[in-house]
Amino acid sequence: MAGWRPDWAALQEAIGGDLLVPGLPGYEVLRKPALARFHDTRPQGIVLATAAADVAEAIRFAQRFGLRAIPRCGGHCFAGRSSNGDIIIDVTPMRSVSVTGGVATVGAGVRLGDLYDALAVHGRTIPAGCGPSVGIAGLTLGGGLGTLGRKYGLTCDQLLSAQVVLPDGRIVECDEHVEAELFWALRGAGGGNFGVVTSLVFATVPAPRRPASTWSGRLSTRPPS
Ligand SMILES: Cc1cc2nc3c(=O)[nH]c(=O)nc-3n(C[C@H](O)[C@H](O)[C@H](O)COP(=O)(O)OP(=O)(O)OC[C@H]3O[C@@H](n4cnc5c(N)ncnc54)[C@H](O)[C@@H]3O)c2cc1C
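What you are looking at is a predicted structure, and each value in this text was computed from that prediction instead of being measured.

**Q** Even after reading the chapter, I still don't get the site of the ligand, so can you show me in this structure?
**A** Lining the immediate surroundings of the ligand are 28 residues, of which P71, C73, G75, S82 and L145 lie closest. For the ligand, an oxygen atom lies 2.7 Å from a polar atom in the backbone of P71. One nitrogen or oxygen atom from the main chain of V197 is found 2.8 Å from a nitrogen atom belonging to the ligand. Looking at the shell around the ligand, the elements that each hand over two or more residues are β3 (69-72), α5 (136-141) and β10 (196-203). The element that contributes the greatest number of residues to the shell around the ligand is α5, accounting for 4 residues. A class-by-class count of the residues in the shell around the ligand yields 14 nonpolar, 12 polar and 2 charged. Counting only domains with at least three residues in the shell around the ligand, you end up with domain 1 (8-90) and domain 2 (97-206).

As structure tokens, then:
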């Protein structure tokens with residue numbers, strides 16, 4: 001089937017999120033990543049994935065029609081790797097954050113600023129970056145450097161497990177014990193290489209009582225008690 005004309009209507013029918021193709025409202029805005037350098041890229045379709053199942057459908061669709069699908073979270077990739085594909089799988093609709101017992105379960109589409117805000121409600125944070133619009137997926141999967149790093153290490157050091165849609169469409173959970181090699185690879189080399197991450201589970205740390213950075217407006221803080 002590779003090379004046949006993609007049946008975009010069928011893809012839209014199969015997914016819970018929206019599919020944007022050229023001409024549809026929103027396409028011109030969402031096709032552009034954060035970095036202006038890549039604003040001239042025009043993917044054939046943008047899948048706004050609301051769940052892992054949407055990601056799996058998009059991957060299978062791309063394979064069926066010989067298209068290249070690539071994931072995008074915050075769109076800050078300096079190399080344009082979240083822009084130069086036929087189909088962009090945009091994970092930003094998956095942006096829930098929940099915290100239980102100091103462990104945060106985070107949708108792969110959360111931006112750092114929103115994540116810090118959600119964790120601060122619980123007096124917690126994670127060591128991560130300074131750009132509030134940077135995506136948690138791209139940052140964590142590339143390592144993740146931040147001002148709390150000297151004390152706690154990289155963002156990916158706090159990762160406990162992840163849900164990943166593999167290139168064959170299977171949805172797997174991985175951690176130190178299950179799919180351990182995948183989990184190892186995700187922590188530093190995971191951006192777009194082994195599958196699409198749909199959720200991340202982090203060990204959190206106490207939010208600093210005063211801003212750990214004067215140059216980051218939204219680094220997590222908590223008021224003095
Ligand atoms: C203004 C700015 C500030 C920055 N600040 C920091 C900082 O303080 N600390 C730091 O460490 N880095 C920082 N960076 C670098 C940033 O962390 C990386 O560029 C990171 O890859 C961006 O992630 P993203 O999700 O925003 O980008 P994207 O372009 O969406 O993704 C980056 C890569 O990850 C892949 N990817 C995205 N989502 C997924 C997914 N769900 N599953 C699998 N692969 C995926 C993409 O295909 C791409 O290859 C900054 C970059 C910018 C532009």
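That shown, we press on.
**Q** Would you explain the pairing of strand β6 (residues 103-107) in this entry?
**A** Remember that side chains alternate between the two faces of the sheet whenever the strand is regular. Taken together, the 4 bridges between strand β5 (residues 97-100) and β6 define a ladder with antiparallel strand orientation. Paired with S98 across the bridge in β6 is T105. In textbook terms, the turn of a hairpin is the stretch between consecutive antiparallel strands, and for β5 and β6 this stretch comprises 2 residues, one of which, G101, has a positive phi near 55°. The sheet contact formed by β6 and β10 spans 5 bridges and is antiparallel. Its bridge partner lying in β10, V103 is registered against A203.

**Q** Would you mind going over the domain arrangement of the chain with me for this structure?
**A** A common way to report how large an interface is uses the accessible area buried once the components associate. On domain assignment, one finds that the chain holds domain 1 (8-90) and domain 2 (97-206). On a C-alpha basis, the centroid separation for the pair domain 1 and domain 2 is 21 Å. Taken together, the contact pairs 12 residues of domain 1 with 20 residues of domain 2. When domain 1 packs against domain 2, the two sides together hide about 1,000 Å² of surface, and 73% of this comes from carbon and sulfur. On the domain 1 side of the contact with domain 2, A52, C73 and H76 bury the most area, a combined 43% of that side's loss. Counting every contact that joins domain 1 to domain 2 gives 0 salt bridges. At the surface where domain 1 touches domain 2, the tally comes to 2 residue pairs in polar contact (both at pLDDT 80 or more).

**Q** Looking at this structure, how should I read unusual backbone geometry?
**A** Where the residue is not glycine, phi is negative for most of them; where a peptide bond is considered, it is trans in most cases. Its identity as a non-glycine residue notwithstanding, E179 has a phi of 50°, on the positive side. Its location among the elements puts E179 in the loop between β9 (171-175) and α7 (180-189). Exposure remark for E179: the relative accessible area of 37% places this residue in the partly exposed category.

**Q** Got a minute to help me understand the sheet that holds strand β1 (residues 19-20) in this structure?
**A** The strand order β1-β2-β4-β3 describes an open sheet built from 4 strands, whose pairing is mixed. The strands lining the two open edges of the sheet, one partner per strand, are β1 and β3. Where β1 and strand β2 (residues 45-48) come together, 2 bridges link them in antiparallel fashion. Residue L19 lies in a different strand from β2, and its bridge partner there is V47. Taken strand by strand, helix α3 (residues 52-64) contacts β2, β3 and β4 (87-90), and its axis lies near 170° from that of β4.

**Q** Which parts of the structure should I look at to understand the environment of A180?
**A** Positionally, A180 belongs in helix α7. Each C-alpha atom of the pair A180 and S161 lies 9.7 Å from the other, and the pair is 19 residues apart in sequence.

**Q** Help me understand the sheet that holds β9, please; the structure alone is not making it clear to me.
**A** Hydrogen bonding along the main chain pairs the strands of a sheet, whether they run parallel or antiparallel. Strand order in the open sheet made by the 5 strands is β5-β6-β10-β8-β9, with antiparallel pairing throughout. Only two strands of the sheet have a single partner each, and these edge strands are β5 and β9. Taken pair by pair, the neighbouring strands of this sheet meet at an average axis angle of 15°, ignoring direction. In the packing of α3 onto the sheet, the strands contacted are β8 (159-165), β9 and β10, and the crossing angle to β8 comes to about 45°. In the packing of α7 onto the sheet, the strands contacted are β8, β9 and β10, and the crossing angle to β8 comes to about 100°.

Rules behind the numbers
Residues numbered from 1 in each chain as written. Predicted model: local features only at pLDDT ≥ 70, side-chain atom pairs only at ≥ 80, totals over all residues. Heavy atoms only, no water. Near = heavy atom within 4 Å. Polar contact = N/O pair within 3.5 Å; in protein donor to acceptor, adjacent residues only side chain to side chain. Helix = DSSP H or I, 4+ residues; strand = E, 2+ residues; numbered from the N terminus. Nonpolar A, V, L, I, M, F, W, Y, C, P; charged D, E, K, R; others polar. Domains from an automatic or database assignment. Pairing = 2+ DSSP bridges. Contact = heavy atoms within 4.5 Å. Buried area = accessible area lost by both parts, 1.4 Å probe. Salt bridge = Lys/Arg side-chain N within 4 Å of Asp/Glu carboxyl O. Buried < 20%, exposed > 50% of the residue type's maximum accessible area, 1.4 Å probe, protein only. Axes fitted to C-alpha atoms, helices over the stretch in contact; angles between N-to-C directions.

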